Amino acid sequence: MEKPAFLDRDRPDVPGLVVPGGVTPFYLAGRPVRGRLIRLGVLADAMLTRHDNPDQVTALAGKALALVAALASALKFQGSFSLQIKGDGPVSMLVADCTHDGALRFYARSDEDALNALLAQNPTPTDRELLGNGYLALTVDQGADMERHQGIVEIAGDDLSAMATHYFATSEQHACWIMLACKMTDAGWRSGALVLERIAGEGGTAEAELTTPDGTTHDDTAWETATILATTLSVGELLDDTLPGPQLLHRLFHEEDLRVSQSRALAFGCRCSRARLVEVLQHFPEDDLDHMCVNNDTIVMTCEFCNKDFHFPRRDIASATS
Ligand SMILES: [Zn+2]
C-alpha cells in the first residue's frame, strides 16, 4: 500500500494552503446551464511565485491552473485531470493538473531568448503568441488499472480560454463559455475562471421543445442569455478576494433562477516523493546512473512541479534493469 501523504516526511516543503471556497459550482434552474466559479485567492500567489518564470509565463500558468480546477470539478473521477500544451512558441510546454479533491500543480518551460525576441516586438503578447502552433491535450488519469481518457486538439484561438472552448466544441461536441484571468494585483498574483457549460437534461421540459419559426429553441435562448450575462463579468471582479463567490454570481445571474451549490476547496498538491523518484531512477541502467552523478557521488532530480531538488547518494540507487 502506498504511504499516505501525511506520513511521508520526505515531502518537499510546499505551501500548506487550502482555499476553502476555491470552487463555487452553480446552475440555472430550468435552463440548460451549469457552471463553476474558480478563485485561487492566496494560493495563486503561493504557487506561481515558487517558479522563477517571466511574468507573461506566470500569467499564462495561472490561467491554466484556474482552467484545470474548473474542468476537474465538473467531472466524477478519482485521480488527476491534466492539461498539457506543447507548442513551437517561447513557452514550449505548459502542464497543469488537478486531482478529484482539488490539489493543483503546474510547470511551464520557456525559452528566454525566444521570449525576449517576442517581447521586443510585442510587449503584451497573446497566449497564442507565447505558445505558438502545437497541440493541447486534456487527460483524465485514474491510475494504472483504469483506462486513460485523453482528447487532443490543435491549438486554435488567441487565448487559453478560446483554445479550451475550441477543444470542447471539436473533441467533445460540447458548448462551453470560458473566461480565465490571472494578474498581479495589490494582494499579489491572483487567478480565476468562470465556466458555463451547456448541458442536456436541465432544460429537458416540454417548454424546451418549443421552437420558433427560425428554428431556435427555448434552450438556445436561455444559453445565449446566460453567456451574455457572463460577459459582463470584469477581470477586477473575478480576481477580487473581498467579493464572495456567491455574491459575484448573484450579481451576474440573479434574474436567471441561480442555484449555488456547496463550494469546494483548492490546495497545492504534488504527488512527488523520494520513494517515487527512486523508482524512476531504478529504471535506468547502471551506466546512465553513473553519468547522472554530480560530484561523483550524487544524483540530483528536480520535481518540475514543486521546483524542488532531491539529492540521492549514487550508492543508494541500484538499477533494476541490469
Ligand atoms: Zn513535486
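These figures come from a predicted structure and were not determined experimentally.

**Details of the overall build of the chain**
Next, step 1: For the chain, the count of helices and strands is 11 helices and 13 strands.
Next, step 2: Computed over its C-alpha atoms, the radius of gyration of the chain comes to 22 Å, within 12% of the 20 Å expected for a compact globule of 322 residues.
Next, step 3: C-alpha extents for the chain along the principal axes are approximately 75 × 50 × 35 Å.
Next, step 4: Scored against the burial criterion, the 322 residues of the chain give a buried share of 48%.
Next, step 5: Within the chain, contacts between residues separated by at least 24 positions form 65% of all contacts whose residues are at least 6 apart in sequence.
Next, step 6: Total accessible area on the chain is roughly 16200 Å²; 49% of this is exposed by carbon and sulfur atoms.
Next, step 7: Counting 27 positive and 46 negative side-chain charges, the chain places the averaged centre of each group 6 Å from the other.

**Focus on empty space enclosed by the protein**
Next, step 1: A full pass over the atoms with the stated rule returns 1 cavity of 30 Å³ or more.
Next, step 2: Tallied by class, the residues present in the lining of the largest cavity amount to 3 nonpolar, 2 polar and 4 charged.

**Considerations on the confidence of the model for the chain**
Next, step 1: Model confidence for the chain is summarised by a mean pLDDT of 89, while 90% of its residues fall at 70 or above.
Next, step 2: When the criterion is pLDDT under 50, residues 202-208 qualifies, and its contacts beyond four places in sequence or with other chains add up to 15 contacts.

**Here we look at the coordination of the zinc ion**
Any two of four tetrahedral donors ideally make an angle of 109.5 degrees at the metal, while pairs among six octahedral donors ideally make 90 or 180 degrees.
Next, step 1: With distances of 2.2 to 2.3 Å, the protein atoms coordinating the zinc ion are Cys-270 (SG), Cys-272 (SG), Cys-303 (SG) and Cys-306 (SG).
Next, step 2: For the zinc ion, the 4 donor atoms in the first shell make angles of 104 to 119 degrees at the metal, so the coordination geometry reads as tetrahedral.
Next, step 3: Mapping the donors of the zinc ion onto the primary sequence yields the spacing C-x1-C-x30-C-x2-C. A residue pair is termed long-range when its members are at least 10 positions apart, and Cys-272 in the loop between β11 (264-268) and α10 (274-282) and Cys-303 in strand β12 (residues 298-303) qualify at 31 residues. Of the two residues, Cys-272 and Cys-303, both sit in the buried class.

**Thoughts on the packing of aromatic side chains**
Next, step 1: In this structure the tally under the stated criterion is 3 aromatic pairs.
Next, step 2: Centre to centre, the rings of Tyr-107 and Phe-305 are 5.0 Å apart; their planes meet at 80 degrees, and the pair counts as edge-to-face. Residue Tyr-107 is found in strand β5 (residues 103-110), and its partner Phe-305 is found in the loop between β12 and β13 (308-313); the two are separated by 198 residues along the sequence. Each member of the pair, Tyr-107 as well as Phe-305, is classed as buried.
Next, step 3: Plain terms: the ring middles of Tyr-167 and Phe-168 are 5.2 Å apart, the flat faces sit at 85 degrees to each other, and that makes the pair edge-to-face.
Next, step 4: Here Arg-50 stacks its cationic end above the ring of Phe-268, 5.7 Å away from the centre of that ring.
Next, step 5: Above the ring of Phe-305, the side-chain terminus of Arg-105 is found at 3.7 Å from the ring centroid.

**A short note on the state of the cysteines**
Next, step 1: Counting across every chain of the model gives 0 disulfides.
Next, step 2: Take Cys-176: it sits in no disulfide, and the sulfur closest to it among the cysteines is that of Cys-98, at 16 Å.

**Here we look at the layout of surface pockets**
Next, step 1: Of the pockets and cavities examined, the largest pocket occupies roughly 780 Å³.
Next, step 2: Around the largest pocket, the lining is made up of 29 residues, and of these Ser-80, Arg-105, Asp-141, Arg-271 and Arg-276 lie nearest the centre.
Next, step 3: Only β3 (80-87), β4 (91-99), β5, β6 (134-141), α10 and β12 provide two or more residues apiece to the lining of the largest pocket.
Next, step 4: The element best represented in the lining of the largest pocket is β4, accounting for 4 residues.
Next, step 5: For the lining of the largest pocket, a count of residues per class yields 10 nonpolar, 12 polar and 7 charged.
Next, step 6: When residues of the lining of the largest pocket are assigned to domains, at least three fall in each of domain 1 (19-198 + 219-266) and domain 2 (271-314).

**Some points on the pattern of salt bridges**
Next, step 1: With the rule as written, the count across this model stands at 13 salt bridges.
Next, step 2: The network of salt bridges with shared partners includes Arg-34, Arg-36 and Glu-197.

**A short note on the environment of Ala-70**
Next, step 1: Here Ala-70 is to be found in helix α2 (residues 55-72).
Next, step 2: Taking the C-alpha atoms as reference, Ala-70 lies 18 Å from Leu-48; in sequence the two are 22 residues apart.
Next, step 3: Filtering out sequence-adjacent residues up to four positions away, Ala-70 remains in contact with Arg-36, Ile-38, Ala-193 and Val-195.

**Section: the nonpolar core**
Next, step 1: If you look at the biggest cluster of nonpolar residues, it comprises 73 residues, and the most contacted ones within it are Ile-38, Leu-40 and Leu-104.
Next, step 2: Broken down by element, this core gets its largest block of residues, 13 residues, from α2.
Next, step 3: Here this core spans two domains, and each of domain 1 (19-198 + 219-266) and domain 2 (271-314) adds at least three residues to it.
Next, step 4: If sequence neighbours within four positions are ignored, Leu-104 has contacts with Leu-40, Leu-43, Met-47, Leu-65, Val-68, Ala-69, Asp-97, Cys-98, Leu-266, Ala-267, Phe-268 and Gly-269.
Next, step 5: Judged by nonpolar contacts, the second largest core, of 21 residues, contains Leu-28, Ala-226, Leu-243 and Leu-248.

Rules used in this analysis
Residues numbered from 1 in each chain as written. Predicted model: local features only at pLDDT ≥ 70, side-chain atom pairs only at ≥ 80, totals over all residues. Heavy atoms only, no water. Helix = DSSP H or I, 4+ residues; strand = E, 2+ residues; numbered from the N terminus. Rg over C-alpha atoms; globule rule 2.2 N^0.38 Å. Buried < 20%, exposed > 50% of the residue type's maximum accessible area, 1.4 Å probe, protein only. Contact = heavy atoms within 4.5 Å. Areas by Shrake-Rupley, 256 points an atom, 1.4 Å probe, with all protein chains shown as cover. Lys, Arg positive; Asp, Glu negative; His and termini not counted. Charge placed at Lys NZ, Arg CZ, Asp CG, Glu CD. 1 Å grid on protein atoms, 1.4 Å probe; cavity = no way out; pocket = protein on both sides within 12 Å on 5 of 7 lines; lining within 4 Å. Points joined across faces, edges and corners; volume = space filled by probe spheres on them. Nonpolar A, V, L, I, M, F, W, Y, C, P; charged D, E, K, R; others polar. pLDDT = per-residue confidence, 0-100. Donors = N, O, S within 2.8 Å, 3.2 Å for Na, K, Ca; no water. Tetrahedral: all angles 85-135°; square planar, octahedral: opposite > 155°, others 65-115°. Phe/Tyr/Trp six-rings, centres within 6.5 Å; stacked < 30°, edge-to-face > 60°. Lys NZ or Arg CZ within 6 Å of the ring centre and 35° of its normal. Disulfide = S-S within 2.5 Å. Domains from an automatic or database assignment. Salt bridge = Lys/Arg side-chain N within 4 Å of Asp/Glu carboxyl O. Core = buried A, V, L, I, M, F, W, Y, C linked by side-chain atoms within 4.5 Å.

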